[in-house]
Amino acid sequence: MRLLKTRTYVCAEGGAAGVFTTALRISSQAATCLTVLVLVAASLTHAARANTIGALTYGLNDDDFTAVVIDCAPTTSGSLTIPSMVVFDRGGVPTNWTVVGIRYEAFFGCSNLTSVSIPASVTSIGYGAFDGCSSLASISIPSSVTRIGNGAFYGCSSLASISIPSSVSSIGQFAFYDCSSLTSITLPSGITSIGDNTFFNCSSLGAVTIPSSVTSIGNGAFYGCSSLTSFAIPTGVTRIEDATFEGCTNLTSISIPASVTSIGGNAFYGCTSLGSVTLPLGVTNIGAQAFNRCSSITSIAIPAGVTSLGLYTFYECSNLASISLPPGFISIGQGAFGNCASLGSISIPSSVNTIGPGAFAGCTTLTTVVVPPGVTSLESSTFSSCHSLTDVVLPIDMTSIGRRAFWNCIGLTQIVIPSSVTSIGNEVFQYCYNLADIALPNSLTSIGNYTFEYCLNLEDLEIPTSVTSIGDGVFANCSALTDIVIPASVTSIGAYAFEDCSELRKCWFSGDAPPAIGDDAFVGLTDFEFRYFPDKTGFPDTLRGYPCLPVRCLPTDAGQIATVLKTRGVVSVIRDGRTAPLNEGCSIIAGDVVKTGSRSFVKFLCEDKSIFQMGPKSQVAITNSLSSGLAPYQLKVLRGKMRFKKASDSKKTVIKSRNTAAFGVRNTTVTFAVTADSGLWTSTSEVLEGIVDYENLVTWETTELRDGDIETVQTPVSSRTVTILHPSPSLGSLW
C-alpha cells in the first residue's frame, strides 16, 4: 500500500501557501495502520517548476527559510552531492534556504544513482528516501542526522557498507530492507530500538554490533540475513519478536540474556546451522515454529516457566536427540516435534494433558513413549511414521485414538489399548507391518476405515462384542490373518474390509447375519468359507460367492467343564475314540484331548472363569480330579504349550508340557511346578536366569528372586488362587 504524509511549505513565488504530498510504499508486513490525509491548496506543477535546481526539487519553508529535498529526476546517474544551501527568488529577491532534510521517497526509483553525499545541515532522512536505488553503493550520513525513517534505504541492493553516526537515536522499519550487498554495519550507542524488518533479507550481512542501549528488536529485524554467523542480544531486551532471525541459515551461535522472557513465533525458523541454544530460566513463552527447521540443534532444555509449546515449535529439527520438558508442563502443540528424526526418547511430564496432531510424526528413531494419564484423546497422526517405535503405554482413561495415530509405525509389534477407548479412527495402524499382538477393549464400538490395512504379521485379532461396525478396508491385505470371529453385535461390514487376506480361511459369525456387508468385503480370498451357529438366521448357502456352513459340535453326554471361545486353523478334539473339529461354542468335557495344528490355536473358558489358550502343535488332556479337595479338573500338557490367565488378572502364564511353566518375562527364565496333597497346593518356583518378583495372591507378600533361588509356597486348594511371578521393574513388563 502507499502511505501519504503531509507537511506545509511555502512556494518561492508570490508567497502562495500550499501543501505538498509525498508517498512511501509500506510492505504488507508492517503492523501499523495509518490514516491517510491529503490536503491540496495550491498547484504542485507551479511549485515544482519554481523549486528545481538541476536534478533536485526542493520544498521550502518560509517560516525559518529551510528546505528539504522532495524529488530527484529518475534519470539521474552516478554521484550526487546534496548542497547544504540553495538560493531561490522570494518576491524577486534572491534568498538562501538551508537544506535540513531529505523528504519521503525523494530519490525513489533512482536506479542509476551510485553515490550520494549528504551535507551536515541535514537532520532527518524520511520514509523511503532512497527506496529502489538499486545501484547506490555508498552514502555518507553526517553526524547531524538524528532519525532514519521507515524504508529509507529499501531495496538498495548495491549498498555494501554504511556508517550510522552516533547522533541517530532511531532507525525506522524496513530501513535497510533487501540491501543484499550490505556486509557490515555498526549501530551507534544511542539507539534504543531496531524497528520491524530493519535488515530484512540483508543476505550478505556477516556482522552487526548491537549497542547495549537497545531494549527492543522488532519483528523480522534480521530475517533472511543468511551470512550472519553469531549474535549477542543486549541485556535490556525482554522479548525476541516474531521472525527476528528467521532464515539466518549460517547463524551458529546466539547469546540470549537472562532478561528475555518470551521468544516469538518463527523467531529462529530455518536457522539450519544453529547448533546449541541455552534458554534463560525466565523464559515463559515459546511461540509457534520458533525453532522450526533448526536442523543442527542436538539438545535443548525448556525452562520451568514454560507450560506449552506452540505449533511446529521444533518441527524438522532433524538432529535433536534429547529434550527436557519441565514439571508442570501442560500442552505439546501440533507438529511440535514432527520429523525430529534423531529424537530417540522423550520423557513427557505427568502434568501434560494435551498432545497435538502430528506432535511426534516422523520421529523415526523414537523407541519408547509413555503417554501421561491426563491425555484422554490421542490426536491424528500423533506418532505416525515413528519407524522405530516398539513400546507404547497409553493411559487407562484414554477414550479415543485419532486418525493415523500410529500410521506406518513399522517397528511396532504389540500394543495394549485401554479399556476406556470407545473409538479408533481411520488408518490408525495402517502399514504397521510387524504388528502381531493387539487386544481391543470391550468398550470399543467402531473400528475406522483401513485401521489395520497391511498389518502383515497380524495373525490373531479378537473383535470385542461391543463393536457394531467394521469400516472399509479395515483388515485389507492382512496376509497372516487365518480366521476371524465376527461378534453378534456387528451390524455392518464395510467395503473391502478383508480384501486380499491371502491366508484367511474362515470367518465365524457369532450372531445372525449382519444386515449390511459392503461390496467386495471379502474379495480376493481362496479356500475361504463362512461359519455360523445353527440357531442363527439370515445365512444363505453362499455369501458373497463363498460357502456358508453351520458350526457342528460333538454331542456332550457328561457335564461340560469348559466352552470354546475362539479357534484358528485346524483344531480338533478326541472324545471316546472319535476325532472331530472343535469350533467356537463347543463344549469340552473331562476326558477330552484337544489338539492344534501347525498354525492354529484354541482359547477356552473354564467353569471357574479361568482362560486357557493353546498354541500351535499342542496337545492337552483334560482329566477328572485326582482326589477330594482338589480343583474339579486338571489339565495336563502332553505336547507344546498352553497359556493361562485368571479371569480377574491381566498377567499371563505360559504352561509347557510336563507340568512346568515358563513365564513371559524379558531376559528371565522361570520354572514353576504345582502338586497337590492333603488339600494344599504346593508351588515350587526356581529362577534359572534373570530377576523376578514372586507375589503370593493370598498373603500379598512379595519376594525378589534371583538366579538359582527357589521359592516353595503352600495354599489351600479351595482358594483356587494362583501365584504370579513378574519381572523386577528394571526388566520391563510381561509379554
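Rules behind the numbers
Sequence order as written defines residue numbering, which begins from 1 separately in each chain. Residue-level local features of this predicted model are given only where pLDDT is at least 70; pairs of side-chain atoms are given and counted only at 80 or more, and the full residue set underlies all totals for whole chains, interfaces and linings. As a convention, hydrogens and water are excluded, and side-chain values are obtained from all of the structure's heavy atoms. Numbering goes from the N terminus for both helices and strands, where a helix is a DSSP run of H or I of at least four residues and a strand is a run of E of at least two. Accessibility here uses a 1.4 Å probe with only protein chains present; expressed as a share of the type maximum, an area under 20% marks a residue as buried, one over 50% as exposed, and anything in between as partly exposed. Only the protein chains shown count as cover for residues, and the accessible areas themselves come from Shrake-Rupley with a 1.4 Å probe. We treat two strands as partners when DSSP finds at least two bridges between them. Under the pairing criterion, centres of Phe, Tyr and Trp rings, with the six-membered ring standing for Trp, must be within 6.5 Å; the plane angle then separates stacked pairs below 30 degrees from edge-to-face pairs above 60, leaving the rest tilted. Salt bridge, as applied in this entry: a Lys or Arg side-chain nitrogen positioned within 4 Å of an Asp or Glu carboxyl oxygen. Per-residue confidence from the predictor is given as pLDDT, running between 0 and 100. By the convention used here, residues are in contact when the closest approach between their heavy atoms is within 4.5 Å. Residues adjacent in sequence count toward polar contacts only when both atoms are side-chain atoms; beyond that, a polar contact is any pair of N or O atoms within 3.5 Å, and within protein one must be able to donate a hydrogen and the other to accept it. For this text, the term disulfide refers to a pair of cysteine sulfurs within 2.5 Å.

A. View of the overall build of the protein. Within the protein, the secondary structure is distributed over 1 helix and 62 strands. Within the span of the protein, comprising 735 residues, buried residues form 50% of the whole. Per element, the accessible surface of the protein, about 29900 Å² overall, is 51% carbon and sulfur.

B. View of the sheet that holds strand S44 (residues 546-550). Taking strand neighbours across the sheet as the criterion, the 5 strands line up as S38-S40-S42-S44-S43 in an open arrangement whose pairing is mixed. The open sheet has two edge strands with one neighbour each: strand S38 (483-486) and strand S43 (542-543).

C. Summary view of the packing of aromatic side chains. With the rule as written, the count across this model stands at 40 aromatic pairs. Here the aromatic rings of Phe 199 and Phe 222 are separated by 5.3 Å at their centres, their planes lie at 15 degrees, and the arrangement is stacked. Of the two residues, Phe 199 is situated in the loop between strand S16 (193-194) and strand S17 (207-209) and Phe 222 in the loop between strand S18 (216-217) and strand S19 (230-232); the sequence distance between them amounts to 23 residues. Residue Phe 222 is classed as buried on the basis of its relative accessible area of 0%. Taking the centre distance of 5.6 Å and the plane angle of 20 degrees together, the rings of Phe 522 and Phe 528 count as stacked. Under the relative-accessibility criterion, Phe 522 is labelled buried at 2%. Classification of Phe 528 by relative accessible area gives buried; the value is 4%.

D. Geometry of unusual backbone geometry. Residue Tyr 431 is not a glycine yet carries a positive backbone phi of 65 degrees. Residue placement: Tyr 431 occurs in the loop between strand S34 (423-424) and strand S35 (437-439). By relative accessible area, Tyr 431 is classed as partly exposed at 24%.

E. Just the sheet that holds strand S20 (residues 239-240), in detail. Overall, parallel pairing links the 3 strands, which are arranged S20-S22-S23 in an open sheet. Each end of this open sheet is capped by a strand with a single partner; those strands are S20 and strand S23 (285-286). When strand S22 (residues 262-263) meets S23, the two strands line up parallel, connected through 2 bridges. Within S23, the position partnered with Ile 263 by the bridge is Ile 286.

F. Molecular detail of the pattern of salt bridges. Scanning all chains against the criterion turns up 9 salt bridges. With its nearest N and O atoms 2.6 Å apart, the salt bridge here joins Glu 241 to Arg 239. Of the residues examined, Glu 241 reaches a relative accessible area of 22% and is grouped as partly exposed. According to the relative accessible area criterion, Arg 239 is partly exposed, its value standing at 30%.

G. Spotlight on the confidence of the model for the protein. Averaged over all residues, the pLDDT of the protein is 80; the fraction at 70 or higher stands at 76%. Predicted confidence for residues 1-50 stays below pLDDT 50, and this span has 91 contacts to residues more than four positions away or in other chains.

H. Region of interest: the pairing of strand S45 (residues 560-568). With 3 bridges connecting them, S45 and strand S48 (residues 587-589) associate as antiparallel partners. Each bridged residue has a counterpart across the sheet, and for Gln 560 the counterpart in S48 is Ile 589. Examined bridge by bridge, S45 and strand S50 (residues 601-606) share 6 bridges and lie antiparallel to one another. Bridged to Val 564 within S50 is Phe 604.

I. Structural view of the side chain of Thr 313. Note on placement: Thr 313 falls in the loop between strand S25 (308-309) and strand S26 (322-324). Its relative accessible area of 0% is what places Thr 313 among the buried residues. One polar contact links the side chain of Thr 313 to the main-chain carbonyl oxygen of Gly 310, over a distance of 2.7 Å.

J. The arrangement of the environment of Val 116 in detail. Assignment of secondary structure puts Val 116 in strand S9 (residues 112-117). For Val 116, a relative accessible area of 3% puts it in the buried group. Apart from residues no more than four positions distant in its own chain, Val 116 is found in contact with Leu 80, Ile 82, Phe 130, Leu 136, Ser 138, Ile 139 and Ser 140.

K. Focus on the environment of Val 99. Within the fold, Val 99 resides in strand S8 (residues 93-102). Owing to a relative accessible area of 0%, Val 99 belongs among the buried residues under this scheme. On a C-alpha basis, the gap between Val 99 and Phe 65 in space is 9.0 Å, while along the polypeptide they are 34 residues apart. In this view, Val 99 contacts Tyr 58, Ala 67, Val 69, Ile 82, Pro 83, Ser 84, Met 85, Val 86, Ser 121 and Val 122; residues no more than four positions away in its chain are not counted.

L. Up close: the environment of Phe 601. Summarising the element assignment, Phe 601 is placed in strand S50. Note: C-alpha distance between Phe 601 and Arg 568 (33 residues apart in sequence) is 5.3 Å. Sequence-distant contacts of Phe 601, that is, excluding residues within four places in its chain, are made with Asp 460, Lys 566, Thr 567, Arg 568, Val 571, Thr 596, Gln 613, Met 614 and Gly 615.

M. Here's a closer look at the state of the cysteines. All told, the structure shown has 0 disulfides when counted by the stated rule. Here Cys 179 is not cross-linked by a disulfide; its sulfur's nearest cysteine counterpart is in Cys 202, at 5.1 Å.

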